[in-house]
Amino acid sequence: KLLLAKDSLRYVPRGYNFINVNHSYLNTFLSDKPVLLLFSGPSASHNMDWVVKNRDKFILVTALSTCRLLNIHNLTPDVVMHIDPGAEGTARLFQDIDVKTFFKQTLCIFSSNVDEVTVNKFKKNKIFFIQAGTSYKKDFGTFSSLSVGEYTYAMFLIFGAYKMFLLGLDQALDSETLKSHSDFHQFAQQGEVDENKASLSYLTSVEYTKGNFLDTVPTKAVYKLAIK
């Protein structure tokens, strides 16, 4: 925790832009287009044809971990979010992506504990940091969340997005395959229906919760916490 908190200090003296999460940005950041928050839940893969067809109707916001899926469909995001530290794990997110071309017009919103190797792949004037874990800038506040999906949703409320659509922020497993993520996501897992292991394997064991379109949907303990 202490080592992660120090990473924010690297970017403060270098003049990077920081977002004050204690401030509301109504009518200053977004156009009149609705915002599509597109993440890596199973529903994303099932609906990519629709996204391709309707992409220009939205400001497209996604996570860095979803960009491989977008790249396969020749889509580029307007805004990309990334909140995970660690260069080794993040490096896999760029597989098969031409960074300079793919992110040419993209704004990047990063947690300030994102590693330098990742940050240096992007142009400085396209990057906006949010303090994570500790505060170095007075009254700018800090931000944290269980997943990048909730993090992004909350940030775009601060940005004044009044019309948001969510896709791939399922908080559930695929009801047929029990997969945790859409195609090309590095943390995609197959759920395990095994009540005897449920208490010991909370990352993979399957639980059930009330659904929107089905009476119950398969999920995981960590997702149930996010739902609450």
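Residues numbered from 1 in each chain as written. Predicted model: local features only at pLDDT ≥ 70, side-chain atom pairs only at ≥ 80, totals over all residues. Heavy atoms only, no water.

### Side note on the sheet that holds strand β6 (residues 127-130)
Then, in step 1: An order of β1-β6-β5-β4-β3-β2-β7 is seen for the 7 strands of this open sheet, with the pairing classed as parallel. Looking at which strands have only one partner, the edges of the open sheet turn out to be β1 (17-18) and β7 (164-167).
Then, in step 2: On top of the sheet, helix α8 (residues 148-158) reaches β2 (35-38), β3 (59-63), β4 (79-82), β5 (107-111), β6 and β7; it is set at about 130 degrees to β4, its chief contact. (Pairing = 2+ DSSP bridges. Helix = DSSP H or I, 4+ residues; strand = E, 2+ residues; numbered from the N terminus. Contact = heavy atoms within 4.5 Å. Axes fitted to C-alpha atoms, helices over the stretch in contact; angles between N-to-C directions.)

### Re the environment of Asp139
Then, in step 1: With respect to the element layout, Asp139 can be found in the loop between β6 and α8.
Then, in step 2: Sequence separation between Asp139 and Val21 is 118 residues; the distance between their C-alpha atoms is 8.9 Å.

### Observations regarding the side chain of Gln171
Then, in step 1: Relative to the assigned elements, Gln171 resides in the loop between β7 and β8 (207-210).
Then, in step 2: Of the residues examined, Gln171 reaches a relative accessible area of 14% and is grouped as buried. (Buried < 20%, exposed > 50% of the residue type's maximum accessible area, 1.4 Å probe, protein only.)

### Focus on unusual backbone geometry
What is expected of a backbone is that most residues other than glycine have negative phi and most peptide bonds are trans.
Then, in step 1: In the Ramachandran plot, Asp139 falls in the positive-phi region, its phi being about 60 degrees despite a non-glycine side chain.
Then, in step 2: Classification of Asp139 by relative accessible area gives exposed; the value is 57%.
Then, in step 3: Of note, the phi angle at Gln171 is positive, near 55 degrees, even though the residue is not glycine.

### Re the pairing of β4
Then, in step 1: Burial along β4 is two-sided: Val79 and Met81 facing one way and Val80 and His82 facing the other are all buried.
Then, in step 2: Following the backbone out of β3, through helix α4 (residues 67-72) and into the adjacent parallel β4, one traces a crossover that is right-handed.
Then, in step 3: Where β4 meets β5, 4 bridges bridge the pair, whose relative direction is parallel. When the bridges of β5 are listed, Val80 appears paired with Cys108. (Right-handed = clockwise from strand over helix to strand, strands pointing away.)

### Things to note about the nonpolar core
Then, in step 1: If you look at the biggest cluster of nonpolar residues, it comprises 30 residues, and the most contacted ones within it are Leu64, Phe103, Phe110, Val119, Phe122, Ile127 and Phe129.
Then, in step 2: Looking at this core, the elements with two or more residues in it are β2, α3 (48-54), α4, α6 (99-102), β5 and β6.
Then, in step 3: It is α4 that contributes the most residues to this core, 3 residues altogether.
Then, in step 4: Non-local contacts of Ile127, meaning those with residues more than four positions away in its chain, are made with Tyr16, Asn17, Cys108, Phe110, Val119 and Phe122. (Core = buried A, V, L, I, M, F, W, Y, C linked by side-chain atoms within 4.5 Å.)

### Quick look at the packing of aromatic side chains
Then, in step 1: One pass over the full model with this rule turns up 14 aromatic pairs.
Then, in step 2: With 5.1 Å between their ring centres and 85 degrees between their planes, Phe156 and Phe159 make a pair best called edge-to-face. Neither Phe156 nor Phe159 differs from the other in exposure class; each is buried.
Then, in step 3: The rings of Tyr11, Tyr16, Phe18, Phe94, Phe102, Phe103, Phe110, Phe122 and Phe129 are connected pair by pair, giving a single aromatic cluster.
Then, in step 4: Just above the ring of Phe94 sits the side chain of Lys121; from NZ or CZ to the centre is 5.0 Å.
Then, in step 5: Here the guanidinium or amino end of Lys124 rests over the ring plane of Tyr16, the centre of that ring lying 5.3 Å away. (Phe/Tyr/Trp six-rings, centres within 6.5 Å; stacked < 30°, edge-to-face > 60°. Lys NZ or Arg CZ within 6 Å of the ring centre and 35° of its normal.)

### What about a nonpolar patch on the surface?
Then, in step 1: On the surface, a cluster of nonpolar side chains totalling about 280 Å² of accessible area is made up of Tyr153, Leu157 and Leu166.
Then, in step 2: The class of Leu166 is partly exposed, set by a relative accessible area of 46%. (Patch = residues over 30% accessible without salt bridge, like charges linked within 9 Å, V, L, I, M, F, W, Y side chains within 5 Å. Areas by Shrake-Rupley, 256 points an atom, 1.4 Å probe, with all protein chains shown as cover. Salt bridge = Lys/Arg side-chain N within 4 Å of Asp/Glu carboxyl O.)

### Observations regarding the layout of surface pockets
Then, in step 1: Approximately 840 Å³ is the volume found for the second largest pocket.
Then, in step 2: Along the walls of the second largest pocket sit 26 residues, with Leu169, Asp170, Ala172, Asn212 and Phe213 positioned nearest its centre.
Then, in step 3: Elements supplying a minimum of two residues to the lining of the second largest pocket: α2 (42-46), α8, β7, β8 and α9 (221-227).
Then, in step 4: Within the lining of the second largest pocket, the residues separate by chemical class into 12 nonpolar, 10 polar and 4 charged. (1 Å grid on protein atoms, 1.4 Å probe; cavity = no way out; pocket = protein on both sides within 12 Å on 5 of 7 lines; lining within 4 Å. Points joined across faces, edges and corners; volume = space filled by probe spheres on them. Nonpolar A, V, L, I, M, F, W, Y, C, P; charged D, E, K, R; others polar.)

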